[in-house]
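Given next are the chains, with one letter for each unit.
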Amino acid sequence: MNLKPKLIFLLKLAFWAALIYFCIAFLIPKWRELRLTERLTALHPGWLLAAGLGFLAHYLYHFSLWALLIRRLGSRSPLKLLFRAYSLSLLPKYIPGKVAAAGVRARLALQADVAGTDVSASLIWETLFIVGSAALLGLLGLFGNSLEPLHEAARLLVLALVIGCTGFVTLAVAGILDRRWTRWIGLPQLRRQPRWILGFLLLYGATWLTYGVGHFLLANAVMPLPPVMFLPLSVALAVSWSVGFVSFIAPAGLGVREGVLYLFVVPVLGPGQALLFVTLSRVIAFAVEALLTFVWATIWLLDRAGGARAKSPEDHDA
């Protein structure tokens, strides 16, 4: 009898129970105690709009990197169809489990004539580049003074992420990982192309800076922050995203990512502003993901309408 599905179900159930309890016992009372609703209505709309545009730029940059990765792996699918696969996979990640979002993107990428091996390899390499670049950014922060304003526990999380990624890379390069898995993503061939790997690692590392711009603008909507806080905030986002990603029972890292980000920024923003900041971070991210989904729906409707108009003269002649 396979107990794994039942165990996963129980873990998910425990997660949702803990999340609901946290909201009822801590989040809602704290929100009322700090009168965050009044602070929310007092936020400057210009900063919020700028933050939303920063988030949108981050998602578009992230999409362009995935499309470039698909191209580098050998597929030449139309950019519009790749955008469909990317945009329609954003909201399914809020379904419990990690399969829905990746499954939707993979299925739509296959429909766009991307080879199956290229689809799977792109998703795996994207994850490796994102988490690896987060560890690299955290490592740079550890050796500088940029993490000094952050909580001690946050610095330990950065160190744990760096050690974990270093161990994984060591196992992969040494060939200790399963050979079929490394052959599946093209690792033996890519060992001979270190510039290719390094280039994408740096490009994906820039995603944390684009994400940091949006969040820095959002933080200034909550309270003024000096420019020197941009790098610590970018490190906080990179690590909180990575921790949320590896928390498999949390859909889209919901709750986990916000908790880690709160731990990072609370020494700088204070409890009330930090709670407002992490809440708005998730809300704006969800709004941008919904917007990109709506954009593709609009493109699809316009294509349908254009196709119907193109067919109408032929139907009339017939």
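The structure under discussion appears in the preceding block.
Criteria and thresholds
Residues numbered from 1 in each chain as written. Predicted model: local features only at pLDDT ≥ 70, side-chain atom pairs only at ≥ 80, totals over all residues. Heavy atoms only, no water. Axes fitted to C-alpha atoms, helices over the stretch in contact; angles between N-to-C directions. Helix = DSSP H or I, 4+ residues; strand = E, 2+ residues; numbered from the N terminus. Parallel < 35°, antiparallel > 145°, perpendicular 65-115°, else oblique. Left-handed = near helix turned anticlockwise from the far one by under 90°. Contact = heavy atoms within 4.5 Å. Salt bridge = Lys/Arg side-chain N within 4 Å of Asp/Glu carboxyl O. Buried < 20%, exposed > 50% of the residue type's maximum accessible area, 1.4 Å probe, protein only. Phe/Tyr/Trp six-rings, centres within 6.5 Å; stacked < 30°, edge-to-face > 60°.

## Topic: the packing of helix 3 (residues 45-73) against helix 10 (residues 194-222)
Here comes step 1: Where helix 3 meets helix 10, the axes come as close as 7 Å, and the angle between the chain directions of the two elements is 170°. The angle between helix 3 and helix 10 places the two elements in the roughly antiparallel class. The way helix 3 lies across helix 10 gives a crossing that is left-handed.

## Section: the environment of His-215
Here comes step 1: In this fold, His-215 is placed in helix 10.
Here comes step 2: Considered as a pair, His-215 and Phe-55 are 160 residues apart in the sequence and their alpha carbons are 7.8 Å apart.
Here comes step 3: The contacts of His-215, once residues within four sequence positions are left out, are Phe-55, Leu-233, Leu-237, Phe-277 and Ser-281.

## Brief notes about the pattern of salt bridges
Here comes step 1: Counted by the stated rule, this structure contains four salt bridges.
Here comes step 2: With a shortest N-O distance of 2.9 Å, Asp-303 and Lys-80 are connected by a salt bridge. Of the two residues, Asp-303 is situated in helix 13 (residues 271-317) and Lys-80 in helix 4 (residues 79-87); the sequence distance between them amounts to 223 residues.
Here comes step 3: Between Arg-282 and Glu-258 there is a salt bridge, with its nearest N and O atoms 2.5 Å apart. Of this pair, Arg-282 sits in helix 13 while Glu-258 is found in helix 12 (residues 256-269), placing the two residues 24 residues apart along the sequence. The two residues Arg-282 and Glu-258 agree in class, both being buried.

## Examining the packing of aromatic side chains
Here comes step 1: Applying the stated rule across the entire model yields 14 aromatic pairs.
Here comes step 2: Relative to Phe-286, the ring of Tyr-94 lies with its centre 5.3 Å away and its plane at 75°, an arrangement referred to as edge-to-face. With Tyr-94 in the loop between helix 4 and helix 5 (99-111) and Phe-286 in helix 13, this pair connects stretches of sequence that are 192 residues apart.
Here comes step 3: The interplanar angle of 15° and the centroid separation of 5.7 Å between the aromatic rings of Phe-129 and Tyr-204 together place this pair among those described as stacked. Taken together, the residues Phe-129 in helix 6 (residues 116-142) and Tyr-204 in helix 10 connect sequence positions 75 residues apart.

These results come straight from atomic positions and should not be treated as a statement about function.
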